[in-house]
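# An overview of the molecular structure
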Amino acid sequence: MPKPKTPKSEPASVPKDAEFLDAPVSLLPSVAAKRQKLLEKLSVYTISDLLSYFPRDYVDWTDVTPIADLRDKEVMSFQAVVRRKPSLLRKGHMSMLSTVLSDPTGTIRVTWFNQPYLEKRLEKGETFCFRGKIRRDGSVFDVTNPAIQAAKEGVTPEILPLYPLTKGLSQGVLRQVIASATEKGVPLIPEVLPPAILAAESLCDVGYAYEMIHRPTSWEAERKARERLVYEELFLVQGGLRYMKNKKRGVEKSYRILIGETEKKRMASVVHALPFELTQDQNKVITAILQDMKKESPMNRLIQGDVGSGKTVVAAVSILACALCGKQSVLLAPTSILAAQHAATLGRLFAPAGIAVALLLGSTSAAEKKRIRTGLANGQIAVLVGTHAVLSEKICFDALALTVTDEQHRFGVRQRATFLDREMRSPHTLVMSATPIPRTLALILYGDLDISVIRSIPAGRIPIETYTASYAEEERVFALVRKQLDEGRQVYFVCPTIDEETHLDEDFSDESEPGMISATALFERLRTEVFPAEGVGLLHGGLRSSDKDLVMRRFIEGESKILVCTTVVEVGVDNPNATLMVIENAERFGLSQLHQLRGRVGRGQHRSVCVLMSDKRSGVSGERLKTLCKTTDGFQIARKDLELRGPGDFFGTRQHGIPALRIANLYRDTDVLSRVTLALDDIYAEDPLLELPSHRNLPEAFLRRFGNRLEHPSL
Ligand code: ADP
Ligand code: MG
């Protein structure tokens, strides 16, 4: 961050108005170096970032109610005098502080747990405002852990913002810092929405919105402000993606894949060699893809299909079509295990047709890498399979026609691979996703793409049965495992952590909790105590990839009967003889992730079971587990997942390419999102490259919102 050039001792020469917003937060008198560091943790670098650091919620001190009128089970505010010197009880790390409060209409008992520091603040005879969930039994009132606020006489009660915090930065400080920037900063924020849209949507102006979002004078003001800011954010993000797409359209050219009679025959013979018939939906999707690839404009298609719906073969046939026309393809997988599996599947399938498949991983030897690069450059290798990470390196192709990205349920992990083609053509792109998302959301995430859905599940599949079990029932679960093993089947145990210290699962990268079952510990226990006579394998992301391959191969070949693993198995591993999955500490996993994990069983003709081990039955985690027991429909599960945790989490924090949303919530704000989509449809229909005077400032606004890196993430 560049320091402001002006020394602080000369307040007269602070940066010019236009520069104020881009100045580092340290320009503010209330922000010294230490505080600046803390703000950076919140991704707040400039004053503009600070003003766009929106409250996550508010406390309402406007509805102060006499004690006698407080209602049971409601969150309410009241103003009262401290009647007694508070009493503090301590026990170990725990403390309990209690006292009695009163106003002219009644008294209420109050208790705070683990906030011993309040003792000093609550002097007998002083008046404060309190806000919390009231318990009322007749005329006996009670409240636990209420928020507390100095009662300011003669000042109108306010709605106060609550910001997301970081350790060392308090609510009070953040409020003060933000407030200190609003007076000068807010009037400088440019209006980016076209006037026609402001009028048509009756949105409030930008200054009002930024002022009211931080310090609303009423709930109505807060609603107006939020509506506008959500609109603006979705407009800039979606508008930016579509602008990029429009600029590329007509410029980029792909190879045309034209299937003649000979190619058709050769394709049919490969498809006939499959051990199954394609489902109706698989055929439909393949037809759509072949149709797209006939054209010179690049295909940009998303395939949504539940786990186990058979997406791989759809990708395989698309790749085959390209190869038969003498063109190359790339298949990107999220893990090296899956990449290896895909390479093996394609290799087997394509061998009779004489199509060469290469696998490129981080662990591939330098000599082999060189051989692959040469083969790709001269066209001898038709298909390249690898992980996203490896294939972000520059690779030159002879004639690259298609890239397929298998991203399973993870979204947005979309490092832009730089593939160079001899003719500088861009490949057709196909993205395969196992988590279905509504069209409107897909538009935000992937830009303006086409979507195909595979709904039908291959015939003969027996739905997986899912149960929950508590740790008190572990013996019964082991008995179930024993029974499966006796029948010749195999079993997965999935754990949330590798060992007690490391915790590699990105979705839950907070500290590991005591009592969490680690793969290493469970592996030792199963191997030595519970199933000493069976082969037990251990698979996790910390292993070298050659070791991972070995462990996987032993399991697939039946040498080990039990596989203890972390979520590394969630993507793709295919062992139809595995019929039971036990998921440890199931409450630690997300809903879609559990569904994906569970999809590792139920892949063959045997009845399969998934057991969710957890002692947590209440709250959101309880609801996740219940949903999973009730349905195996990935579409329903994804919807529930969105509902339970909101899209921010749902899409993961690791998305690249699209900026993180600051205020819009793609689940809650779908209505605004549709309005934005329609408005953008109109704008781009009339002015695809934003050349009219009323639109000319938009590209600049998009660029700012994307942090000056405007790139289409799905291309
Ligand atoms: P996903 O969509 O989860 O990637 P896969 O492509 O891995 O699913 O397919 C899951 C399993 O179903 C594989 O073993 C595959 O061979 C099999 N499969 C795919 N299509 C069919 C079909 N039409 N009929 C029967 N089995 C199929
Ligand atoms: Mg798959």
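First, a word on what this report is: a plain description of the structure on this page. (Residues numbered from 1 in each chain as written. Chains lettered and ligands numbered in written order. Predicted model: local features only at pLDDT ≥ 70, side-chain atom pairs only at ≥ 80, totals over all residues. Heavy atoms only, no water.)

Turning to the overall build of the protein, a few remarks are in order. When you go through the protein residue by residue, the secondary structure sums to 22 helices and 24 strands. In the protein, 73% of the contacts between residues at least 6 apart in sequence involve partners at least 24 apart. Counting only carbon and sulfur atoms, one obtains 53% of the accessible surface of the protein, whose full area is about 33200 Å². (Helix = DSSP H or I, 4+ residues; strand = E, 2+ residues; numbered from the N terminus. Contact = heavy atoms within 4.5 Å. Areas by Shrake-Rupley, 256 points an atom, 1.4 Å probe, with all protein chains shown as cover.)

Turning to the nonpolar core, a few remarks are in order. Core analysis: the biggest nonpolar cluster contains 61 residues, and L39, L50, Y231 and F235 have the highest contact counts within it. Going through the elements one at a time, α2 (33-41), α3 (47-51), α5 (171-185), α6 (195-200), α7 (206-214), α8 (219-248), α21 (670-686) and α22 (698-705) are the ones with two or more residues in this core. If one sorts the elements of this core by residue count, α8 sits on top with nine residues. Not counting chain neighbours up to four residues away, the residues in contact with L50 comprise V25, L28, L39, V44, V177, I178, A181 and H214. In this structure, A315, A323, L324 and V385 belong to the second largest nonpolar core, which totals 45 residues. (Core = buried A, V, L, I, M, F, W, Y, C linked by side-chain atoms within 4.5 Å. Buried < 20%, exposed > 50% of the residue type's maximum accessible area, 1.4 Å probe, protein only.)

Take the sheet that holds strand β24 (residues 609-613) next. Hydrogen bonding along the main chain pairs the strands of a sheet, whether they run parallel or antiparallel. On the basis of which strands lie adjacent, the open sheet formed by six strands has the order β19-β24-β23-β20-β22-β21 and parallel pairing. Edge strands, defined here as strands with exactly one partner in the open sheet, are β19 (465-469) and β21 (536-539). Here the strands of the sheet are splayed against their neighbours by 20 degrees on average, with no regard to which way each runs. Both strand β23 (residues 578-583) and β24 contribute to a ladder of four bridges, which runs parallel. Directly across from V582, in β24, lies its bridge partner V611. Contacts from helix α18 (residues 591-598) reach β19, β20 (490-494), β23 and β24 within the one sheet, and its direction differs from that of β23 by about 150 degrees. (Pairing = 2+ DSSP bridges. Axes fitted to C-alpha atoms, helices over the stretch in contact; angles between N-to-C directions.)

Turning next to the site of ligand 1. Near ligand 1 you find 16 residues, and of these E277, G308, K311, T312 and R461 are the closest. For ligand 1, the protein covers 83% of the area, taking 570 Å² as the surface of the free molecule. Here the residues of the shell around ligand 1 sort into four nonpolar, six polar and six charged. (Near = heavy atom within 4 Å. Nonpolar A, V, L, I, M, F, W, Y, C, P; charged D, E, K, R; others polar.)

For any pair of aromatic rings, the description rests on two quantities: the centre-to-centre distance and the angle between the ring planes. Scanning the entire structure with this criterion turns up eleven aromatic pairs. Ring geometry for Y53 and Y163: centres 6.2 Å apart, planes at 25 degrees, overall stacked. Placement of the pair is Y53 in the loop between α3 and β1 (57-60) and Y163 in the loop between β9 (159-162) and α5, with a sequence separation of 110 residues. This pair shows no difference in class: Y53 is buried, exactly as Y163 is. Judged by centre distance (6.3 Å) and plane angle (20 degrees), the rings of Y231 and F235 are stacked. Here F235 and Y231 lie together in helix α8, a separation of four residues that amounts to about one turn. Side by side, Y231 and F235 carry an identical accessibility label, which is buried. (Phe/Tyr/Trp six-rings, centres within 6.5 Å; stacked < 30°, edge-to-face > 60°.)

Taking burial as the measure, the nine residues of α7 include seven buried ones, the bulk of the element. Looking at α7, one finds that the buried residues are V206, G207, A209, Y210, M212, I213 and H214. On its buried face, α7 is in contact with α3, β1, β9, α5 and α8. Where α7 begins, the side chain of D205 points an oxygen toward the backbone nitrogen of G207, at a separation of 2.9 Å. (Polar contact = N/O pair within 3.5 Å; in protein donor to acceptor, adjacent residues only side chain to side chain.)

Here we come to the pairing of strand β22 (residues 562-565). Of the two faces of β22, the one lined by I562 and V564 and the one lined by L563 and C565 are each fully buried. Taken together, the four bridges between β20 and β22 define a ladder with parallel strand orientation. Bridged to V494 within β22 is C565. The sheet contact formed by β21 and β22 spans four bridges and is parallel. Residue pairing in the sheet places L539 in a bridge with C565 of β22. This β-α-β element, β21 to helix α17 (residues 545-556) to β22, shows right-handed connectivity. (Right-handed = clockwise from strand over helix to strand, strands pointing away.)

Between its terminal C-alpha atoms α5 stretches 20 Å, which fits the 21 Å expected from 15 residues at 1.5 Å a residue. Within α5, burial applies to Q171, V173, L174, R175, V177, I178, A181, T182 and G185. (Expected span 1.5 Å × (residues − 1).)

Another point: the side chain of T579. Inspection of the secondary structure assignment puts T579 in strand β23. If near-sequence neighbours (up to four positions away) are discounted, T579 is found in contact with Q484, R489, Q490, V601, H606, R607, S608 and V609.

Attention now goes to the packing of helix α9 (residues 261-272) against helix α11 (residues 311-324). Relative to each other, α9 and α11 sit at 145 degrees, their axes nearing to 10 Å. Where α9 crosses over α11, the handedness of that crossing is right-handed. Only V317, L320, A321 and L324 of α11 make contact with α9, whose side of the interface consists of E263, R266, M267, V270 and V271. Broken down by class, the residue content of the contact of α9 with α11 amounts to seven nonpolar, no polar and two charged. (Left-handed = near helix turned anticlockwise from the far one by under 90°.)

Side-chain pairs of opposite charge can arise where the charged atoms are in close proximity. Applying the stated criterion to the full structure yields 30 salt bridges. A salt bridge links K224 to E227, with the shortest nitrogen-to-oxygen separation between them at 4.0 Å. Remark: E227 and K224 occur in helix α8; sequence separation between them is three residues, near one turn of the helix. For R482, the salt bridge goes to D486, with nearest N and O atoms at 3.9 Å. Linking R482 with D486, this pair stays in helix α15 (residues 474-486), spanning four residues, or about one helical turn. Among the residues examined, R482 registers a relative accessible area of 30% and is labelled partly exposed. Using a relative accessible area of 56% as the deciding quantity, one classes D486 as exposed. (Salt bridge = Lys/Arg side-chain N within 4 Å of Asp/Glu carboxyl O.)

With that out of the way, let us pick up the environment of N577. In this fold, N577 is placed in the loop between β22 and β23. On a C-alpha basis, the gap between N577 and G604 in space is 6.5 Å, while along the polypeptide they are 27 residues apart. Residues contacting N577, with those up to four places away along its chain left out, are G488, R489, Q490 and H606. Within the structure, the side chain of N577 is placed 3.1 Å from the backbone oxygen of G488, a separation counted as a polar contact.

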